[in-house]
Amino acid sequence: MEYMLVFFIGSCFGSFINVLSYRSIRKMNYITGRSHCPYCHKKLSFWDMIPIIGFIMLGGKCRYCKHKISKRYLLTEIIGGFNAVVVFQMYNQKEKLLYFVLLNLLLFISLQDIEIKEVKYTYQLLVFLIILLLDYYNHIFYWKTMLYTLLFFLLVMIITNGFGGADVILYALLALLLGKKIIIVYIISLIIGSIVSLYYLVIKKKNTKYKIAFIPCISLAFLMYLMFEEKIYVYFYLFTKVFP
């Protein structure tokens, strides 16, 4: 029951982050003003705005114009819920706060990347500052790993044109926090990216040159790393024993 409440609170933050991203891109006021349908512009009721439940109750459609609501809203609220649950399981209160801000900031810039394929340097600087605070608190700074990661992905970007500049910077910043464990986030993000690419190729019938937003893949990989860190180590240990 406790985790369900934490998940719900997190999903509320996810819903707010969705609104924040949508309105900031369109230069709208995101402090005041009721939420409304982006198609018919009817103001939403309180019940419509309940995270996850509202989407299910409406059958994924606007109550008024019956236009389909993007599943992005539902996914954002679910990820917001998991952000809260992951942080709730941490022991230290200061780390909880910093990780909660970091995960939700990554969710925000992921939404920006999906919609406009662009992430402002201001947001990247905020990620950097939060990671610095986490490193300062833990007395560990993986500067060399960050530099090696930055150089490696810059080289990959130049040779393959497979990453954007924001992707490279995010990998480097997470390497400053995780050290050599960044390789785990890299592998998970590649798996997620491959699944998303297949979805666009097979389901959406996009051509092979279509580029997906990769910041969400990295952010989701980081969240999964935090969720399953201990199990990942166990599986890696078993793998090395089976395939020495």
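The model shown is predicted, which means the values in this text are computed figures rather than measured ones.

Participant: Report on the overall build of the protein chain, specifying residues and quantitative values.
Facilitator: Counting its secondary structure elements, the protein chain contains 10 helices and 0 strands. Taken from N to C terminus, the helices and strands of the protein chain fall in the order α-α-α-α-α-α-α-α-α-α. Buried positions account for 41% of the 244 residues belonging to the protein chain. When the accessible area of the protein chain is evaluated, it comes to approximately 15,100 Å², of which 70% is carbon and sulfur surface.

Participant: Mind laying out a nonpolar patch on the surface, listing which residues take part and the relevant values?
Facilitator: A contiguous nonpolar surface patch, about 870 Å² in accessible area, is contributed by Leu5, Phe8, Ile9, Phe13, Phe46, Trp47, Ile53 and Met57. Among the secondary structure elements, those contributing two or more residues to the nonpolar patch are α1 (2-25) and α2 (53-57). Among the elements that take part in the nonpolar patch, α1 stands out by supplying 4 residues, more than any other. Structurally, the position occupied by Met57 is in helix α2.

Participant: Please provide a residue-by-residue account of the packing of aromatic side chains, values included.
Facilitator: One pass over the full model with this rule turns up 13 aromatic pairs. Their ring planes at 90 degrees and their centres at 5.8 Å tell us that Phe163 and Tyr171 sit as a pair that is edge-to-face. Exposure remark for Tyr171: the relative accessible area of 0% places this residue in the buried category. Grouping aromatic residues by their ring pairs yields a cluster made of Phe152, Phe153, Phe163, Tyr171, Tyr186 and Phe214. Taking the ring centre of Tyr73 as reference, the NZ or CZ of Arg72 above it sits at 5.6 Å.

Participant: Just give me the short version of the pattern of salt bridges, but keep the residues and values in it.
Facilitator: All chains considered together, the criterion is met by 2 salt bridges. Between Arg26 and Glu115 there is a salt bridge, with the nearest N and O atoms lying 2.2 Å from each other. Note that Arg26 is positioned in the loop between α1 and α2 and Glu115 in helix α4 (residues 93-116), a separation of 89 residues in sequence. A residue is classified by how much of its surface remains accessible, and Arg26, at 36% relative accessible area, is partly exposed.

Participant: So what's going on with the packing of α4 against helix α9 (residues 215-227)? Residues and values would help.
Facilitator: The geometry of α4 relative to α9 is characterised by a closest axis approach of 8 Å and an angle of 155 degrees between their N-to-C directions. As summarised for this structure, α4 and α9 are arranged roughly antiparallel, according to the angle between their axes. The handedness of the crossing between α4 and α9 is left-handed. Side by side, α4 and α9 meet where Tyr99, Leu102, Leu103, Leu106, Ile109, Ser110, Asp113 and Ile114 of the first sit next to Ile215, Pro216, Ser219, Phe222, Leu223 and Leu226 of the second. Residue classes in the contact of α4 with α9 are distributed as 11 nonpolar, 2 polar and 1 charged.

Participant: Any chance you could break down the layout of surface pockets for me, citing the residues and the numbers?
Facilitator: Estimates place the volume of the largest pocket at around 1,100 Å³. For the largest pocket, the lining is made up of 35 residues, of which Arg72, Leu75, Ile114, Val196 and Pro216 are closest to its centre. Elements that contribute at least two residues to the lining of the largest pocket include exactly α3 (71-88), α4, α8 (182-203) and α9. Class assignment of the residues belonging to the lining of the largest pocket gives a composition of 24 nonpolar, 5 polar and 6 charged.

Participant: Tell me about the side chain of Thr149, residues and numbers included.
Facilitator: Its place among the elements puts Thr149 in helix α6 (residues 143-160). With a relative accessible area of 8%, Thr149 lands in the buried category.

Participant: Break down the packing of α6 against helix α7 (residues 165-178) for me, citing the residues and quoting the values.
Facilitator: The geometry of α6 relative to α7 is characterised by a closest axis approach of 8 Å and an angle of 160 degrees between their N-to-C directions. Comparing their axes, α7 and α6 come out roughly antiparallel. Handedness of the crossing formed by α6 with α7: right-handed. Residue-level contacts link Trp143, Thr145, Met146, Thr149, Leu150, Phe153, Leu154 and Met157 of α6 to Gly165, Val168, Tyr171, Ala172, Ala175 and Leu176 of α7.

Participant: Account for α1, naming residues and giving values.
Facilitator: Taking 1.5 Å per residue as the helical rise, α1 with its 24 residues ought to reach 34 Å, and the 35 Å between its terminal C-alpha atoms agrees with that figure. Taken as a whole, α1 has its buried residues at Val6, Gly10, Ser11, Gly14, Ser15, Ile17, Asn18, Ser21, Tyr22, Arg23 and Ser24. Considering only its buried residues, α1 is in contact with α3 and α4. Within two residues after α1, Lys27 carries a phi angle of roughly 60 degrees, on the positive side.

Reading guide: rules and limits
- Residues numbered from 1 in each chain as written.
- Predicted model: local features only at pLDDT ≥ 70, side-chain atom pairs only at ≥ 80, totals over all residues.
- Heavy atoms only, no water.
- Helix = DSSP H or I, 4+ residues; strand = E, 2+ residues; numbered from the N terminus.
- Buried < 20%, exposed > 50% of the residue type's maximum accessible area, 1.4 Å probe, protein only.
- Areas by Shrake-Rupley, 256 points an atom, 1.4 Å probe, with all protein chains shown as cover.
- Patch = residues over 30% accessible without salt bridge, like charges linked within 9 Å, V, L, I, M, F, W, Y side chains within 5 Å.
- Salt bridge = Lys/Arg side-chain N within 4 Å of Asp/Glu carboxyl O.
- Phe/Tyr/Trp six-rings, centres within 6.5 Å; stacked < 30°, edge-to-face > 60°.
- Lys NZ or Arg CZ within 6 Å of the ring centre and 35° of its normal.
- Axes fitted to C-alpha atoms, helices over the stretch in contact; angles between N-to-C directions.
- Parallel < 35°, antiparallel > 145°, perpendicular 65-115°, else oblique.
- Left-handed = near helix turned anticlockwise from the far one by under 90°.
- Contact = heavy atoms within 4.5 Å.
- Nonpolar A, V, L, I, M, F, W, Y, C, P; charged D, E, K, R; others polar.
- 1 Å grid on protein atoms, 1.4 Å probe; cavity = no way out; pocket = protein on both sides within 12 Å on 5 of 7 lines; lining within 4 Å.
- Points joined across faces, edges and corners; volume = space filled by probe spheres on them.
- Expected span 1.5 Å × (residues − 1).

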